[in-house]
Amino acid sequence: AQRVTQPEKLLSVFKGAPVELKCNYSYSGSPELFWYVQYSRQRLQLLLRHISRESIKGFTADLNKGETSFHLKKPFAQEEDSAMYYCALSISGAGSYQLTFGKGTKLSVIP
Amino acid sequence: GAGVSQSPSNKVTEKGKDVELRCDPISGHTALYWYRQRLGQGLEFLIYFQGNSAPDKSGLPSDRFSAERTGESVSTLTIQRTQQEDSAVYLCASSSRTGVGEQYFGPGTRLTVT
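Reference entry: report on the structure contained in this document. The structure presented is a predicted model; accordingly, all values stated were derived computationally and were not measured.

1. What about the pattern of salt bridges?
- This structure, assessed with the given rule, holds 8 salt bridges over all chains.
- In this structure, the salt-bridge partner of A:Glu20 is A:Lys22, at a minimum N-O distance of 3.1 Å.
- Taking relative accessible area as the criterion, A:Lys22 reaches 30% and is therefore assigned partly exposed.
- Residues B:Glu44 and B:Arg36 are paired through a salt bridge, measuring 3.4 Å at the closest nitrogen-oxygen approach.
- Owing to a relative accessible area of 4%, B:Arg36 belongs among the buried residues under this scheme.
- Residues participating in the shared-partner salt-bridge network are A:Glu20, A:Lys22 and A:Lys73.

Below you can see the structure in the form of structure tokens.
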């Protein structure tokens, strides 16, 4: 069965510092990877997906199939980046495309 | 337009009682998902509906859990004979199509079983 691992429960960085949220997955095929974010008192929302290869709010994530990783990076953290971040995986061809989530990393950006 | 809505936002119930949670997806979205999030955990998939196709129930943890959806409209998740381990936030999401697409989440229902 597929699995998503986010090794850090909490990550604290200073404003302006680089940030990297780690995500590793286990699946023998070719999954689709996503990052979802939940800001305080807001609902869970999509931040970015690997197939789009785009930068959203300064964040990027590259799928590394060799290392089975999909780390989320931003060169200069901002206070408004403080939130819960969830890495998620979807298997194409599985029928329902449900998402398998990691446990999440709480990012705290210190002013 | 309105996003995914869920009701109630909070539900406290006694162990052994039945509860019903409601989800209103975004209009026109054919796919609907239910997830559960226990404290400190990631989201767990429960069930998926796609149009009039048979639902994917592979994530339901026990036969106490069931869900219905009529066509592409409202869905209800029912938990019978609630147990304390059912305490969690139940999230609903909808999507405009199956495949690799964005799932839009509701605000969730926080269920507490005492």
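2. Examining the interface of chain A and chain B
- With 17 residues of chain A in contact, the opposing surface of chain B contributes 22 residues.
- Together chain A and chain B conceal approximately 1,700 Å² of surface at their shared face, both sides included; 57% is due to carbon and sulfur atoms.
- On inspection of chain A and its partner chain B, the count reaches 1 salt bridge.
- Of the charged contacts in the structure, one is a salt bridge between A:Arg49 and B:Glu102, with a shortest N-O distance of 3.8 Å.

3. Looking at unusual backbone geometry
- Omega for the peptide link from B:Ser7 to B:Pro8 comes to -10°, which places this bond in the cis form.
- The residue B:Pro8 is located in the loop between β1 (5-7) and β2 (10-13) in this model.
- You will see that A:Lys57, though not glycine, has its phi angle at about 55°, which is positive.
- Counting through the fold element by element, A:Lys57 comes out in the loop between β6 (45-49) and β7 (60-61).
- Taking relative accessible area as the criterion, A:Lys57 reaches 49% and is therefore assigned partly exposed.
- Of note, B:Arg81 is a non-glycine position whose phi angle comes to about 45°, a positive value.
- Assignment of secondary structure puts B:Arg81 in the loop between β7 (75-79) and β8 (88-95).

4. Brief notes about the sheet that holds strand β3 (residues 19-21) of chain A
All names here are of chain A.
- Spatially, β3-β8-β7 is the arrangement adopted by the 3 strands of the open sheet, whose pairing is antiparallel. In this open sheet, the two strands that pair with only one neighbour each are β3 and β7.
- Of the pairings in the sheet, the one linking β3 to strand β8 (residues 72-74) comprises 3 bridges and is antiparallel in character. Paired with Val-19 across the bridge in β8 is Lys-74.

5. Considerations on the nonpolar core
- By size, the foremost hydrophobic cluster in this structure holds 25 residues, and its most contacted members are A:Val19, A:Trp35, A:Leu47, A:Leu48, A:Phe70, A:Leu72 and A:Tyr85.
- At the level of secondary structure, the elements contributing two or more residues to this core comprise β2 (10-14), β3, β5 (32-38), β6, β9 (83-90) and β11 (105-110) of chain A.
- Top contributing element to this core by residue count: β9(A), with 4 residues.
- Counting residues in hydrophobic clusters, the runner-up holds 20 residues, among them B:Val4, B:Phe65, B:Ala67 and B:Ala88.

6. Structural notes on the state of the cysteines
- All told, the structure shown has 2 disulfides over all chains when counted by the stated rule.
- Each sulfur in the disulfide pair A:Cys23 and A:Cys87 lies 2.0 Å from the other. As the torsion about the S-S bond is roughly -65°, the A:Cys23-A:Cys87 disulfide counts as left-handed. Placement of the pair is A:Cys23 in the loop between β3 and β4 (24-26) and A:Cys87 in strand β9, with a sequence separation of 64 residues. As far as the burial class goes, A:Cys23 and A:Cys87 line up, both buried.
- What pairs with B:Cys23 in a disulfide is B:Cys92, and their sulfur atoms sit 1.9 Å apart. Torsion about the S-S bond of the B:Cys23 and B:Cys92 cystine: about -65°, corresponding to left-handed handedness. With B:Cys23 in strand β3 (residues 19-24) and B:Cys92 in strand β8, this residue pair connects regions lying 69 residues apart in the sequence.

What counts and how
Going along each chain's sequence as written, the residues are numbered from 1 onward. Just so you know, chain letters begin at A and ligand numbers begin at 1, following the order they were written in. Totals for whole chains, interfaces and linings use all residues, but because this is a predicted model, local features are given only for residues with pLDDT of at least 70 and pairs of side-chain atoms are given and counted only at 80 or more. As a rule here, side-chain values cover all heavy atoms of the structure and leave hydrogens and water aside. For this document, the term salt bridge refers to a Lys or Arg side-chain nitrogen within 4 Å of an Asp or Glu carboxyl oxygen. Working definition: with a 1.4 Å probe on protein chains only, accessible area under 20% of the residue-type maximum means buried, over 50% means exposed, and in between means partly exposed. Two residues qualify as a contact provided that any one of their heavy atoms is within 4.5 Å of a heavy atom in the partner residue. A quick way to say it: buried area is the sum, across both parts, of accessible area lost when two parts are put together, with a 1.4 Å probe. Each helix is a run of DSSP H or I of at least 4 residues and each strand a run of E of at least 2, with the numbering of both proceeding from the N terminus. Any two strands are treated as partners once DSSP identifies two or more bridges connecting them. As used here, the term nonpolar core means buried Ala, Val, Leu, Ile, Met, Phe, Trp, Tyr and Cys residues forming a set that is joined through side-chain atoms within 4.5 Å. Cysteine sulfur pairs qualify as disulfides if the two atoms are within 2.5 Å.

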